[in-house]
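Listed here are the chains, written in short residue letters.
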Amino acid sequence: MLVIVGYIVVCGSVFGGFVMSGGHLAVLFQPLELLMIGGAAVGASLVGNNAKTLKASLKALPSVFKGSKYNKALFMELMTMLFDVLTKIRKEGLMSIEGDIEKPEESPLFSKYTLVVSDHHLMEFLGDYLRLMVSGNMDAFQIENLMDNELETHHHEGAAPAHFIAKLGDGLPAFGIVAAVMGVVHTMESVGIPPAELGILIAHALVGTFLGILLAYGFVGPLASLMEQNLDESSKTFQCIKVTLLASLNGYAPALSVEFGRKVLYSTERPTFAELEEHIKNSKSK
């Protein structure tokens, strides 16, 4: 919603100011300029990126128009689920969760946490490291090192769409200049026409520069920034799992292990100690 509101503000400010100053919107409607700028940008993107990056970018783009799912409710549910898992391990042993790991959507332990279970990548990350804990062949240091490497890979992979959009935005002003130059060339071909018509051609040429800059800094560039923010937010869920499991491996009780995980969250989404404790108590009573 904020993306749409932001676009409306950008358009209202730019085009509204233009009209208020006496300009005519019709002169800004130059589909051929848009064709040159957009087509060149898309073509350059196809040259400069592999199919994997292009596919990931197209898949990630619709998500920026949705509200972030990484809110306090999700983290509360995640930490409550981790508390239940670690409590079961403490009472019944690591082998007791083996069946839950294999089919989390059918497990009584996991299935009630719908927000977390619906995130395939999150459950895969949690399941993989619970399996390693069940195996009993790795110590906390080895698991931590493996987690760090996987999180680094996740971050690099998740950053690819944001980098793609950022580079696309960076190229738009230059392609706007290309379109403007093409318009100037066309104008110079027509120097024999009346001055009034010549002025129109010059105006059309300048629209290319205007469109390239507006699209870059008003529309495309901000999307790249938002994608980076969303990536950072998603990383917090993995970090929360990492810190909580490592605390458990180092011998801390479930309640204290979850407190380790709570501390890595951003202050805007982090529940207080009392809120989390109350949420865990309410979950037990269900």
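What counts and how
Residues numbered from 1 in each chain as written. Predicted model: local features only at pLDDT ≥ 70, side-chain atom pairs only at ≥ 80, totals over all residues. Heavy atoms only, no water. UniProt positions renumbered as here; feature names shortened; annotations may be inferred. Helix = DSSP H or I, 4+ residues; strand = E, 2+ residues; numbered from the N terminus. Rg over C-alpha atoms; globule rule 2.2 N^0.38 Å. Buried < 20%, exposed > 50% of the residue type's maximum accessible area, 1.4 Å probe, protein only. Contact = heavy atoms within 4.5 Å. Areas by Shrake-Rupley, 256 points an atom, 1.4 Å probe, with all protein chains shown as cover. Expected span 1.5 Å × (residues − 1). Polar contact = N/O pair within 3.5 Å; in protein donor to acceptor, adjacent residues only side chain to side chain. Core = buried A, V, L, I, M, F, W, Y, C linked by side-chain atoms within 4.5 Å. Bend = angle between axes of the 7 residues up to and from the residue. Salt bridge = Lys/Arg side-chain N within 4 Å of Asp/Glu carboxyl O.

Under an unreviewed UniProt entry, the name given to the protein chain is Flagellar motor stator protein MotA, and the organism recorded is Undibacterium cyanobacteriorum. Under the UniProt heading Subcellular location (unreviewed entry), the note attached to the protein chain is "Cell inner membrane".

Engineer: Would you take a moment to explain the overall build of the protein chain for this structure?
Structural biologist: When helices and strands are counted, the protein chain shows eleven helices and zero strands. Beginning at the N terminus, the succession of helices and strands in the protein chain can be written as α-α-α-α-α-α-α-α-α-α-α. Since a compact globule built from 286 residues should have a radius of gyration of about 19 Å, the 27 Å found for the protein chain marks it as more spread out than a globular shape. Taken along the three principal axes of its C-alpha coordinates, the protein chain extends 90 × 40 × 30 Å. Buried residues in the protein chain amount to 38% of all 286 residues. Counting only contacts in the protein chain whose residues sit at least 6 apart along the sequence, the fraction spanning at least 24 positions is 76%. Accessible surface computed for the protein chain: about 16,100 Å², of which carbon and sulfur atoms make up 65%.

Engineer: Sorry, what's going on with the side chain of threonine 53 here?
Structural biologist: Along the polypeptide, threonine 53 turns up in helix H3 (residues 51-60). Setting aside anything within four residues of it in sequence, one finds threonine 53 in contact with Ala160 and Phe164.

Engineer: How do you make sense of helix H7 (residues 120-135) when you look at a structure like this?
Structural biologist: Each α-helix winds once per 3.6 residues, and so residues spaced three or four apart point in a common direction. With 16 residues, H7 should reach 22 Å at 1.5 Å per residue; the first-to-last C-alpha distance of 22 Å fits that figure. For H7, every residue scored as buried is listed here: Leu122, Met123, Phe125, Leu126, Gly127, Tyr129, Leu130, Met133 and Val134. Elements that come into contact with the buried residues of H7 comprise helix H4 (72-92), helix H5 (98-102), helix H6 (114-117), helix H8 (140-189) and helix H9 (195-249). A side-chain oxygen of the first residue of H7 lies 3.3 Å from the backbone nitrogen of histidine 121; this N-cap is aspartate 119. Once H7 ends, the next one or two residues include glycine 136, with phi positive near 75 degrees.

Engineer: What am I meant to see in the nonpolar core here?
Structural biologist: Proteins that are soluble and globular tend to have nonpolar side chains buried together. Of all hydrophobic cores here, the largest spans 38 residues; its most connected members are Met81, Leu130 and Leu245. For this core, the elements supplying multiple residues, two or more each, are H4, H7, H8, H9 and helix H11 (273-285). Filtering out sequence-adjacent residues up to four positions away, leucine 245 remains in contact with Leu86, Leu126, Tyr129, Leu130, Met133 and Met147. Counting residues in hydrophobic clusters, the runner-up holds 21 residues, among them Val3, Ala41, Leu211 and Leu223.

Engineer: What is the right way to look at H9 in this model?
Structural biologist: Between its first and last C-alpha, H9 extends 81 Å over 55 residues, near the 81 Å set by a 1.5 Å rise per residue. Along H9, the sharpest kink reaches roughly 40 degrees, centred on alanine 216. Positive phi shows up at glycine 251, right after H9, with a value of about 100 degrees.

Engineer: Sorry if this is basic, but what is going on with the pattern of salt bridges here?
Structural biologist: Pairing is possible between side chains of opposite charge, provided their charged atoms come close. In the structure shown here, the tally under the stated rule is eight salt bridges. With a shortest N-O distance of 3.4 Å, glutamate 275 and lysine 72 are connected by a salt bridge. Taken together, the positions of glutamate 275 in helix H11 and lysine 72 in helix H4 put the pair 203 residues apart, joining distant regions of the chain. By relative accessible area, which is 32% here, lysine 72 ends up partly exposed. Of the charged contacts, one joins lysine 88 and aspartate 100 as a salt bridge, the two residues approaching to 2.8 Å between their closest N and O atoms. Pair noted here: lysine 88 is in helix H4 and aspartate 100 is in helix H5, with a separation of twelve residues, a long-range link. Take aspartate 100: its relative accessible area is 7%, and that puts it in the buried class. The network of salt bridges with shared partners includes Glu102, Asp128 and Arg131.

Engineer: Would you mind going over the UniProt feature "transmembrane region" (unreviewed entry) in the protein chain with me for this structure?
Structural biologist: The UniProt entry lists residues 6-29, 171-188 and 200-220 under the feature "transmembrane region" (unreviewed entry), expressed in the numbering used here. Measuring from the first to the last C-alpha atom of residues 6-29 gives 21 Å, for a span that is 62% helix and 0% strand. Helix makes up 100% of residues 171-188 and strand 0%. Its end C-alpha atoms lie 26 Å apart.

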